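# Structural description and commentary
Spelled out, the chains give:
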Amino acid sequence: MDCANWYTVVAESGKKGMAMYPAMGRKHITLFNESKLVFNNEPRQIFKSIDYLYVVEGSKVYQFDKFYNRKTLTAITLQLGTKIWYATLAVDTTVYTMITDGQDIFVITENGSSVSAAKVTDVNRPRAPAYVAAFGNRFVVSNSKTPNFFLTQIDLAGDPTNYFTINSAPLFARASGIINQMAVLHNQLYIFCNFTTDVWANIVTQVTVAGVTRTFPWKINSSYNFDYGISDPESLTIGFGRMVWLAQNADGLVSFVATNGQAPGDISSQAINVLLENSSDPNGTLSPFLLNEVSAFIYQYENTIFYRASAGEYLDTGELDITQTAYSIEYNFETEKWGRVIEANGERNRIEKHVYYNNQHLVTVQNDPVIYQMSGNIYSNELRNAAQENQNATDAFFRYPMRYELVTKQLFLPAYAEFVDDYVQIDFVFGNQSFYKSSAPFGNTVFLVSEESTPEVPIFIVTEDNQYIIEEGTNTPSLNDIFYNTLFKPHIELYYSDDGGVTFTTADLREFSALGEYEWCMRWYELGASRNRCYKLVCVSSAPIVILGAVRNTRRVSGGGN
């Protein structure tokens with residue numbers, strides 16, 4: 001099935017043994033009633049050391065502690081329009097973070113509450129520093145668009161003038177191809193090239209570079225490397241004992257692969273391979289994962305590990321189901337299934353960068369100047385209201401409802417016989433939240449007042465039991481009056497298609513119950529005859545929608561297709 005903003009989990013107590021749960025939403029971060037991590041532009045990069053969060057905005061680097069107090073590292077000025085790479089190395093009580101921007105190298109030194117930063121001026125440093133990793137108690141930095149990589153001194157001894165000088169010379173080696181990324185997993189260094197990946201161990205050996213043989217602290221595995229390279233360096237993510245990336249080889253294969261240190265395994269489904277390799281229109285426009293930069297990260301929520309990858313610009317045209325130019329897809333390692341992650345209008349989810357810091361999943365959002373918290377108990381997606389300058393105002397952020405979609409596989413009878421679905425029934429929990437179940441008035445509730453009432457001194461009409469009388473039709477669930485009445489109406493809608501999912505016809509639309517009912521068993525009747533059908537369920541809601549199962553009552557009405 002094609003899922004958007006739902007993922008499946010094992011539910012042993014359910015009838016099917018599985019249930020579908022909502023994807024993670026996002027909201028801005030507040031502390032002591034103040035909005036935090038709000039900037040002037042979308043951050044270029046976010047990363048953490050051990051105790052601190054770092055945010056790159058423009059040419060500046062900001063440091064944040066666990067209370068999100070901001071400090072500007074004035075010693076660092078990064079190049080604009082370049083990629084930012086980083087790595088962290090802990091040495092005794094000191095933590096070093098190395099940052100590269102394609103031209104310069106900077107090192108942040110943390111020693112308790114003392115934090116400093118400096119530019120590396122060593123003449124033996126790589127002149128076009130790109131990818132960086134921490135391995136064997138050293139930093140290793142690649143030289144852009146070359147197979148060369150340079151090592152620092154052990155434990156980053158010395159100072160910024162000689163970090164890369166070892167025995168009066170640079171210490172470097174070459175990979176088997178142009179270096180496109182580097183990473184460390186299980187005490188092995190992986191150097192990703194275009195079509196292969198080299199595996200290095202922390203073992204002293206002899207290497208020959210430019211006809212000169214010298215002792216080198218690491219040894220390449222001459223019999224074990226990966227037959228995959230990397231298609232996009234930003235697709236690589238590491239966590240939970242595994243690496244995942246968008247791989248490619250010399251034969252033209254492009255696919256998502258994962259490894260725990262052994263040979264990489266292909267995790268792409270047939271649908272994902274079609275998405276990656278097929279053109280999306282007759283003019284030959286390739287997949288956004290091949291044409292655009294890929295944003296990817298791995299995370300865990302409620303014992304389930306996910307890998308999310310996004311590519312393409314969010315167009316925000318207001319049209320539904322824009323899937324030709326931008327995608328956001330997510331892999332569930334428990335069920336080994338892929339799903340889509342979308343925004344309210346059906347386009348790709350806008351999350352770009354991710355870091356887990358201060359027990360929160362922190363994410364940036366495309367074209368938005370805020371770092372948000374992402375969580376599985378947040379059932380809406382927030383965006384900054386650019387028209388409101390005060391970031392702490394009540395309307396400083398827009399809350400958009402989640403849009404959930406599910407398209408079934410093709411349904412047919414043996415011998416391709418014609419059938420009629422008398423009804424389709426779906427069981428789910430809908431809106432199981434306090435602001436839907438509460439008997440208290442909602443935000444847009446209107447109370448009846450007497451004719452003698454004034455705005456300054458309202459006189460409310462009450463019942464014999466001294467209960468306020470509410471105007472009919474006003475006590476409805478809402479995020480607030482503006483969003484509920486002008487932005488969306490929470491609803492569930494079922495569509496069906498008899499042409500393989502190319503076009504869909506609506507069966508019926510149902511809105512929220514104003515009374516706060518949240519356990520639903522819904523049926524759609526009179527769905528007509530078909531030989532080949534699929535159903536599409538669309539739910540728009542700011543509260544969780546958990547799918548428990550579905551059933552259809554089908555009867556055969558004619559012979560086979562021949």
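Anyway, here's the lowdown on the structure attached to this text. Worth saying up front: this structure is predicted, and the values here are computed from it rather than measured. (Residues numbered from 1 in each chain as written. Predicted model: local features only at pLDDT ≥ 70, side-chain atom pairs only at ≥ 80, totals over all residues. Heavy atoms only, no water.)

Right, let's get into the packing of aromatic side chains. Under the counting rule described, the total for this entry stands at 31 aromatic pairs. Arranged with centres 6.0 Å apart and planes meeting at 85 degrees, the rings of Phe256 and Phe289 form a pair that is edge-to-face. Taken together, the residues span a long stretch of sequence, with Phe256 in strand β28 (residues 254–259) and Phe289 in helix α2 (residues 288–291) at a distance of 33 residues. No difference in accessibility class separates Phe256 from Phe289, as the two residues are buried. (Phe/Tyr/Trp six-rings, centres within 6.5 Å; stacked < 30°, edge-to-face > 60°. Helix = DSSP H or I, 4+ residues; strand = E, 2+ residues; numbered from the N terminus. Buried < 20%, exposed > 50% of the residue type's maximum accessible area, 1.4 Å probe, protein only.)

It is the rolling of a water-molecule-sized probe over the atoms that shows where space remains empty. As a volume, the second largest pocket reaches approximately 1100 Å³. Lining the second largest pocket are 36 residues, and of these Tyr86, Leu236, Thr237, Ile238 and His354 lie nearest its centre. For the lining of the second largest pocket, the element with the most residues is strand β30 (residues 294–301), which contributes seven residues. (1 Å grid on protein atoms, 1.4 Å probe; cavity = no way out; pocket = protein on both sides within 12 Å on 5 of 7 lines; lining within 4 Å. Points joined across faces, edges and corners; volume = space filled by probe spheres on them.)

What follows concerns the sheet that holds strand β21 (residues 197–201). Across the sheet, which stays open at both edges, the four strands sit in the order β19-β20-β21-β24 with antiparallel pairing between neighbours. Looking at strand neighbours, the two that pair on one side only are β19 (181–185) and β24 (219–220), the edges of this open sheet. Pairing of β21 with β24, which is carried by two bridges, proceeds in the antiparallel orientation. Residue pairing in the sheet places Ala201 in a bridge with Lys219 of β24. (Pairing = 2+ DSSP bridges.)

Attention shifts here to the environment of Gly501. With respect to the element layout, Gly501 can be found in the loop between β40 (491–497) and β41 (505–511). Given the relative accessible area of 27%, Gly501 is considered partly exposed.

Sheet architecture is open: five strands sit in the order β14-β15-β16-β18-β17, paired in antiparallel fashion. The sheet terminates laterally at β14 (129–135) and β17 (165–166), the two strands that pair on one side only. Pairing between strand β15 (residues 138–143) and strand β16 (residues 148–151): three bridges, direction antiparallel. Residue pairing in the sheet places Val141 in a bridge with Phe150 of β16.

Trans peptide bonds make up most of the peptide bonds, and negative phi angles are found at most residues other than glycine. Here Asn359, not a glycine, exhibits a phi torsion of approximately 60 degrees, which is positive. Here Asn359 is to be found in the loop between β34 (351–357) and β35 (360–365). You will see that Ala415, though not glycine, has its phi angle at about 65 degrees, which is positive. With respect to the element layout, Ala415 can be found in the loop between β38 (397–407) and β39 (419–430). The class of Ala415 is exposed, set by a relative accessible area of 55%.

Once that is clear, we can look at the side chain of Arg340. The residue Arg340 is located in strand β33 (residues 337–340) in this model. Here the side chain of Arg340 touches Asp2 through a polar contact of 3.1 Å, side chain to side chain. (Polar contact = N/O pair within 3.5 Å; in protein donor to acceptor, adjacent residues only side chain to side chain.)

Another point: the nonpolar core. Among the nonpolar cores identified, the biggest contains 36 residues, and Met98, Phe149, Phe216 and Trp218 are the most heavily contacted of them. Looking at this core, the elements that each hand over two or more residues are β10 (85–91), β11 (94–100), β12 (105–111), β14, β15, β16, β18 (169–174) and β20 (188–192). In terms of residue count, the dominant contributor to this core is β14 (five residues). Excluding residues that lie within four positions of it along the chain, Met98 makes contacts with Trp85, Tyr86, Ala87, Ile105, Phe106, Val107, Val132, Phe139, Val141, Thr152, Leu156 and Phe164. (Core = buried A, V, L, I, M, F, W, Y, C linked by side-chain atoms within 4.5 Å. Contact = heavy atoms within 4.5 Å.)

Turning to its location among the elements, Arg350 is positioned in the loop between β33 and β34. Within polar-contact distance, the side chain of Arg350 engages the side chain of Tyr314 at 3.4 Å. Ignoring anything within four residues of it in the chain, the contact list for Arg350 reads Arg26, Tyr314, Glu343, Thr364, Val365, Gln366 and Leu383.

Attention now moves to the environment of Cys521. Mapping Cys521 onto the fold places it in strand β42 (residues 519–525). In the structure, Cys521 is positioned 92 residues away from Val429 in sequence and 8.7 Å away in space, judged by C-alpha atoms. Look past the residues within four positions of Cys521 in its chain and what remains in contact with it is Gln425, Ile426 and Asp427.

This part takes up helix α1 (residues 270–277). Of the positions making up α1, those classed as buried are Ile272, Leu275 and Leu276. For α1, the arc enclosing every buried residue in end-on projection is 95 degrees, short of the 170-degree limit, so these residues lie on one face. Away from its buried face, by an angle of more than 90 degrees, α1 presents the exposed residues Gln270 and Ala271. For α1, the secondary structure elements touched by its buried residues are β27 (242–248), β28, α2, β32 (327–332) and β33. (Arc of directions from axis to C-beta.)

Before going further, it helps to examine the pattern of salt bridges. Tallying each qualifying case throughout the model produces 15 salt bridges. Linking Glu405 and Arg340 is a salt bridge whose minimum nitrogen-to-oxygen distance equals 3.1 Å. Of this pair, Glu405 sits in strand β38 while Arg340 sits in strand β33, and the two are 65 residues apart along the sequence. Classification of Glu405 as buried rests on a relative accessible area of 1%. Looking at Arg340, the relative accessible area reads 15%, which means it is buried. The salt bridge partner of Arg533 is Asp498, with a shortest N-O separation of 2.9 Å. Of this pair, Arg533 sits in the loop between β43 (529–530) and β44 (534–541) while Asp498 sits in the loop between β40 and β41, and the two are 35 residues apart along the sequence. (Salt bridge = Lys/Arg side-chain N within 4 Å of Asp/Glu carboxyl O.)

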